[in-house]
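Understanding the architecture of this molecule
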Amino acid sequence: MLSQTGYAENIVTFDNIEPILESKDLSVAYGNTPAIQDVSIQVPKNSVVALIGPSGCGKSTLLRCFNRMNDLIPSAVVSGSVNFSGQNIYHDDVDPTEIRFRIGMVFQRPNPFPKSIYENVAFGPRINGITDDLDALVETSLKRAAVWDEVKDRLNDSGLSISGGQQQRICIARALAVNPEIVLMDEPASALDPISTQAIEQLIQELSSEVTIIIVTHNMQQATRISDYAAVMMAGEEHVGRLIEYGTNDQVFDNPKDERTEAYVTGRIG
């Protein structure tokens, strides 16, 4: 079976910078079923990286590796390494809970807690023992998530009482409240209407000057609009969970090196 080394010429690496996140020979299996295989990828700081590829190619599994969310799946077996700011997050002495604060996550469907908008955003800081200036922290986080003006008079209302697009931005604010260095997003706009989707995309572009964002998306137009880099994964018996191409947005979408990348981004396969 072809390893990623067979695609090495298609994978951009960065010699002049130290990536904030880097996986090396990362593989995940659920029981005896491989999900991703030998994925090595570097993520520059303050960039937006889009993970794209057909359904079942391992994009969400890869994303969950980056903050050890796969630890919560009993059948998941992870090998290889993920280095975050120079530290292998899978080392035995690393606390996964701490990693999940530093590398936040936003899921496909908005999942606000059944608490007030205020308490949704304050949850992470409270868990971390932060009790001073919570009002200011909540306000700042909601402003960073571009939803403050819409909810500032409703902070005591349930996080479940607002629109889906607002809920998703509340979830982003909740992730931002603990000041993460990376935010992972798993199809964050797939359940939203076009106006809410546009708001999320604009927010991603604004946040990328402050945090690194890795996003899974099936929407090629969205990926071209918001990403700096695109990583293409492939499904199929021989290539399941393989990273076949990784490069700048322009390179992957306008001048792909792999014919399967071209077929996927042009819609000939999916």
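Coordinates for the structure precede this section.
One structure accompanies this document, and this report is about it. (Residues numbered from 1 in each chain as written. Predicted model: local features only at pLDDT ≥ 70, side-chain atom pairs only at ≥ 80, totals over all residues. Heavy atoms only, no water.)

Here we come to the overall build of the protein. In terms of regular secondary structure, the protein is built from 10 helices and 10 strands. Radius of gyration (C-alpha) of the protein: 19 Å, near the 18 Å computed for a compact globule of 270 residues. Taken along the three principal axes of its C-alpha coordinates, the protein extends 55 × 45 × 40 Å. When each of the 270 residues of the protein is scored for burial, the buried share is 54%. When contacts within the protein are restricted to residue pairs at least 6 apart in sequence, those whose partners lie at least 24 apart make up 69%. When the accessible surface of the protein is split by element, carbon and sulfur atoms take 46% of a total near 12100 Å². When the 21 basic and 36 acidic side-chain charges of the protein are each reduced to a single mean position, those positions are 4 Å apart. (Helix = DSSP H or I, 4+ residues; strand = E, 2+ residues; numbered from the N terminus. Rg over C-alpha atoms; globule rule 2.2 N^0.38 Å. Buried < 20%, exposed > 50% of the residue type's maximum accessible area, 1.4 Å probe, protein only. Contact = heavy atoms within 4.5 Å. Areas by Shrake-Rupley, 256 points an atom, 1.4 Å probe, with all protein chains shown as cover. Lys, Arg positive; Asp, Glu negative; His and termini not counted. Charge placed at Lys NZ, Arg CZ, Asp CG, Glu CD.)

In this section: the sheet that holds strand β2 (residues 33–43). Ordered by their spatial adjacency, four strands build an open sheet running β2-β1-β4-β5, and the pairing between neighbours is antiparallel. Each end of this open sheet is capped by a strand with a single partner; those strands are β2 and β5 (87–88). The pairing of strand β4 (residues 76–84) with β5 spans two bridges and is classified as antiparallel. Across the sheet, residue N83 finds its bridge partner in β5, namely N88. (Pairing = 2+ DSSP bridges.)

Throughout the structure, instances matching the rule amount to 11 salt bridges. Residues R242 and D38 are paired through a salt bridge, measuring 3.1 Å at the closest nitrogen-oxygen approach. Placement of the pair is R242 in strand β10 (residues 242–248) and D38 in strand β2, with a sequence separation of 204 residues. Residue R242 is classed as buried on the basis of its relative accessible area of 3%. The class for D38 is partly exposed, based on a relative accessible area of 26%. For the salt bridge of E181 with R102, the shortest nitrogen-to-oxygen distance reads 3.0 Å. (Salt bridge = Lys/Arg side-chain N within 4 Å of Asp/Glu carboxyl O.)

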